[in-house]
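For reference, the chains in residue letters:
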Amino acid sequence: MGRVTLNFNNKNLFRTLFAWVWVAIAFAVDMWYQYVPGKWITDGDLAGELLLSDLLNQEKKILSSNWFYTTELRVFETQWFYRLGLIIFPHNWHMARVLAAAMLTALLVCACIYFSKSVGLGVYGVWAAGFLIWPFGFWHLFLTIYGLYYMVYMILGLFTAGLIINYLKDKKIYRLPLAGILSLFAGTNGVRQLIVFFVPLSITSIIMLLLKIRDEKNLGILDIFKKYRSECTLFLVINASLIMNLLGYFINAAILSKKYHYYSYSDFTWGNVTANPVEALLDFLKLFGYVKDAEVVSLGGIASIFGVITALCLIFCTISLLATLKKYSFEKQIAIILFPIMVLFQLVVFAFLGNYSVNYWLPLICYAVVIFGIWFDEFKTFNEHLKMTLLVVLSIFIVFTSFATVKKEVTSPLRGKPGLLETSEWLADNGYTVVVASFWNANQITEFTNGQVEAYIADPNAKTGETWLQKTSHEELPEGDYIQIINKNSGEYIENYDSYPNATLVYSNSGIEAYYIE
């Protein structure tokens, strides 16, 4: 038998090892955050997802008419992963959350690598996937890495675009129905994916076609299709996906909204310009690690500088790739055009709808990191050694801003309530099973007690429960004995103790008080 030898190119081996170690460390950091500080940093919104998942497991349904949803009816969202986590860890909801996070984070890495590979990226696509899961800015940490909210939007978009682009390359027909199904699923969740992804993708397909036929004078439609088959096919397939997404949204708005309780974005109207486009664009760039009000010479201040440099690098990479667009493959041109179109379209939507929040930018980050990957893969102005040095330096910036972001959130969390975990454990240990608390306390109590304590969401002086992220049966407050939770750290107090003539203080710790109501 002949001798088998393995020939490795040292530079390629270094890049490959660096990229995969980069992904592995980022994943480990995310899981540490989920498991350790993530045990108590959760808030009413995030805990509500676990409660909904538990209810869906009990009812064995995809959607529940016995739940008050929020601004979206999340048909294919995080609850599918939370539900599996609760099946495996029915008595440890924290581990159910950690398992769901591990599955979604791994799937996001796969989606990013799949999309990157579809546009012709190799090892730099792996590096981009690692970049994506580092917690380099607060909103990215809180709502993507920890809260998982935006992961599903990213995953659906990346896989859909990857399927479409791969179909153009190999013409494997099974990719089209898969892309159509994902588009439909995304539409049933609500209008967000339509605005963030499908409309910009459709505009990108139009631009790709126009760039080819702009100098053609006498070609008919059939002639254009024969001469520019790839661009025309891209246009047809993408817009077919857009139609499928619109169909999903029609199901959401016209059918599901009649049966389930949620606040639809369908009621929004166009109006005057209410958001400053420049400020909104700066908000997007700040997502890469800028820390507001941080002292210049401090951990947060240095992280802010690194975050700003990273954002400026993104601008530079985008402009340089657009300026040399003709040099790149058809597949890479799609990704290069798509990202700035997404940014510009969001600016218009945010400005005129007037319903703007900085976290709405988060679904675009997955396409931004691919821009970095394409630049490192393609730009030939710098030699390989200098380019690898720049890659390592940028990676150091990301790690540093991630460390600063995590440290700040652990020491002074935006929504995590100090003492609430201990209060919840005291309630469970003493056999209390019914609690009334405000929104930012109630759902966490149920999560912290692994479902043992049923918490009703209502402000301390309200007569009815809130119609937001809780069971519909909780709109009526409990009869008989229960515990009223007052969190003085949030400025809560009982306005009129006469309303609770038999209220007895039974617990007080860290500004949280528990009153036994007879």
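For the structure, see preceding data.
Computed from a predicted model, the values in this text were never measured in an experiment. (Residues numbered from 1 in each chain as written. Predicted model: local features only at pLDDT ≥ 70, side-chain atom pairs only at ≥ 80, totals over all residues. Heavy atoms only, no water.)

### Describing the overall build of the protein
Part 1: For the protein, the count of helices and strands is 18 helices and 5 strands.
Part 2: Looking at the protein residue by residue over its 518 residues, the buried ones come to 53%.
Part 3: In the protein, of all internal contacts separated by at least 6 residues, the share reaching a separation of at least 24 is 73%.
Part 4: By element, 63% of the accessible surface of the protein is carried by carbon and sulfur atoms, the whole surface being about 22900 Å².
Part 5: Measuring between centres, the 37 positive side-chain charges of the protein sit 17 Å from its 39 negative side-chain charges. (Helix = DSSP H or I, 4+ residues; strand = E, 2+ residues; numbered from the N terminus. Buried < 20%, exposed > 50% of the residue type's maximum accessible area, 1.4 Å probe, protein only. Contact = heavy atoms within 4.5 Å. Areas by Shrake-Rupley, 256 points an atom, 1.4 Å probe, with all protein chains shown as cover. Lys, Arg positive; Asp, Glu negative; His and termini not counted. Charge placed at Lys NZ, Arg CZ, Asp CG, Glu CD.)

### What to know about the sheet that holds strand β2 (residues 454–457)
Part 1: The 5 strands are arranged β2-β1-β3-β5-β4 in an open sheet whose pairing can be described as mixed. Looking along the sheet, the strands with just one partner apiece sit at the ends: β2 and β4 (503–509). Neighbour-to-neighbour, the strand axes of the sheet open up by a mean angle of 25 degrees, direction not taken into account.
Part 2: Relative to strand β5 (residues 512–517), strand β3 (residues 482–487) is paired through 6 bridges, and the arrangement is antiparallel. Across the sheet, Ile486 pairs through a bridge with Glu513, a residue of β5.
Part 3: Packed on one face of the sheet, helix α17 (residues 420–429) meets β1 (434–437), β3, β4 and β5 and runs near 130 degrees to β4.
Part 4: Strands in contact with helix α18 (residues 439–448) are β1, β2 and β3; relative to β2, the strand with the most contacts, it is inclined by about 165 degrees. (Pairing = 2+ DSSP bridges. Axes fitted to C-alpha atoms, helices over the stretch in contact; angles between N-to-C directions.)

### Describing the pattern of salt bridges
Part 1: With the rule as written, the count across this model stands at 8 salt bridges.
Part 2: Among the ionic pairs, Arg415 bridges to Asp45, the shortest N-O distance being 3.8 Å. With Arg415 in the loop between α16 (384–411) and α17 and Asp45 in helix α2 (residues 44–59), this residue pair connects regions lying 370 residues apart in the sequence.
Part 3: In this structure, the salt-bridge partner of Lys488 is Glu513, at a minimum N-O distance of 2.9 Å. Placement of Lys488 in the loop between β3 and β4 and of Glu513 in strand β5 is noted, with a sequence separation of 25 residues between them.
Part 4: A relative accessible area of 46% means that Lys488 is categorised as partly exposed.
Part 5: Three or more residues are tied together by salt bridges with common partners; here these are Asp43, Asp45 and Arg415. (Salt bridge = Lys/Arg side-chain N within 4 Å of Asp/Glu carboxyl O.)

### Things to note about the pairing of β3
Part 1: Counting buried positions along β3 yields 6 of 6 residues, so the element is predominantly enclosed.
Part 2: The two faces of β3 match: Tyr482, Gln484 and Ile486 on one face and Ile483, Ile485 and Asn487 on the other face are all buried.
Part 3: Bridge count for β1 against β3 is 2 bridges, and the pairing is parallel. Its bridge partner lying in β3, Val436 is registered against Gln484.

### Looking at the packing of aromatic side chains
Part 1: According to the stated counting rule, one finds 35 aromatic pairs in the structure shown.
Part 2: A ring pair is formed by Phe306 and Phe400, whose centres lie 5.2 Å apart and whose planes are at 75 degrees; its orientation type is edge-to-face. Of this pair, Phe306 sits in helix α13 (residues 299–323) while Phe400 sits in helix α16, placing them 94 residues apart in sequence.
Part 3: A relative accessible area of 18% means that Phe306 is categorised as buried.
Part 4: For Lys171, the ring lying beneath its charged end belongs to Tyr167, and the centroid distance is 5.9 Å. (Phe/Tyr/Trp six-rings, centres within 6.5 Å; stacked < 30°, edge-to-face > 60°. Lys NZ or Arg CZ within 6 Å of the ring centre and 35° of its normal.)

### A few points about the environment of Thr70
Part 1: In this structure, Thr70 sits in the loop between α2 and α3 (79–88).
Part 2: Each C-alpha atom of the pair Thr70 and Asp481 lies 29 Å from the other, and the pair is 411 residues apart in sequence.
Part 3: Aside from chain neighbours lying at most four places away, what touches Thr70 is Tyr262, Tyr263, Trp468 and Leu469.

### Some thoughts on the packing of helix α4 (residues 93–118) against helix α15 (residues 365–378)
Axis angle and axis distance: for two packed helices, these are the angle between their axes and the distance between the axes, and together they describe the pair.
Part 1: Put simply, α4 and α15 touch, their axes get as near as 11 Å, and they point 45 degrees apart. By the angle between their directions, the pair α4 and α15 is classed as oblique. Note on packing geometry: the crossing formed by α4 with α15 is right-handed. For the pair α4 and α15, the contacting residues are Cys112, Phe115 and Ser116 in the first and Tyr367, Val369 and Val370 in the second.
Part 2: Broken down by class, the residue content of the contact of α4 with α15 amounts to 5 nonpolar, 1 polar and no charged. (Parallel < 35°, antiparallel > 145°, perpendicular 65-115°, else oblique. Left-handed = near helix turned anticlockwise from the far one by under 90°. Nonpolar A, V, L, I, M, F, W, Y, C, P; charged D, E, K, R; others polar.)

### Focus on the pairing of β2
One face of the sheet, then the other: side chains in a regular strand alternate in exactly this way.
Part 1: Relative to β2, β1 runs parallel, the two sharing 4 bridges. Bridge pairing in β2 places Val436 opposite Tyr456.
Part 2: In this region the chain leaves β1, passes through α18 and returns to the parallel neighbour β2; the handedness of that crossover is right-handed. (Right-handed = clockwise from strand over helix to strand, strands pointing away.)

### Some remarks on unusual backbone geometry
Part 1: Positive phi is not limited to glycine here, since Lys171 has a value of about 60 degrees.
Part 2: Relative to the helices and strands, Lys171 resides in the loop between α7 (149–170) and α8 (175–189).
Part 3: A relative accessible area of 45% means that Lys171 is categorised as partly exposed.
Part 4: For Leu469, which is not glycine, the phi torsion reads 55 degrees and is therefore positive.
Part 5: Within the secondary structure, Leu469 is located in the loop between β2 and β3.

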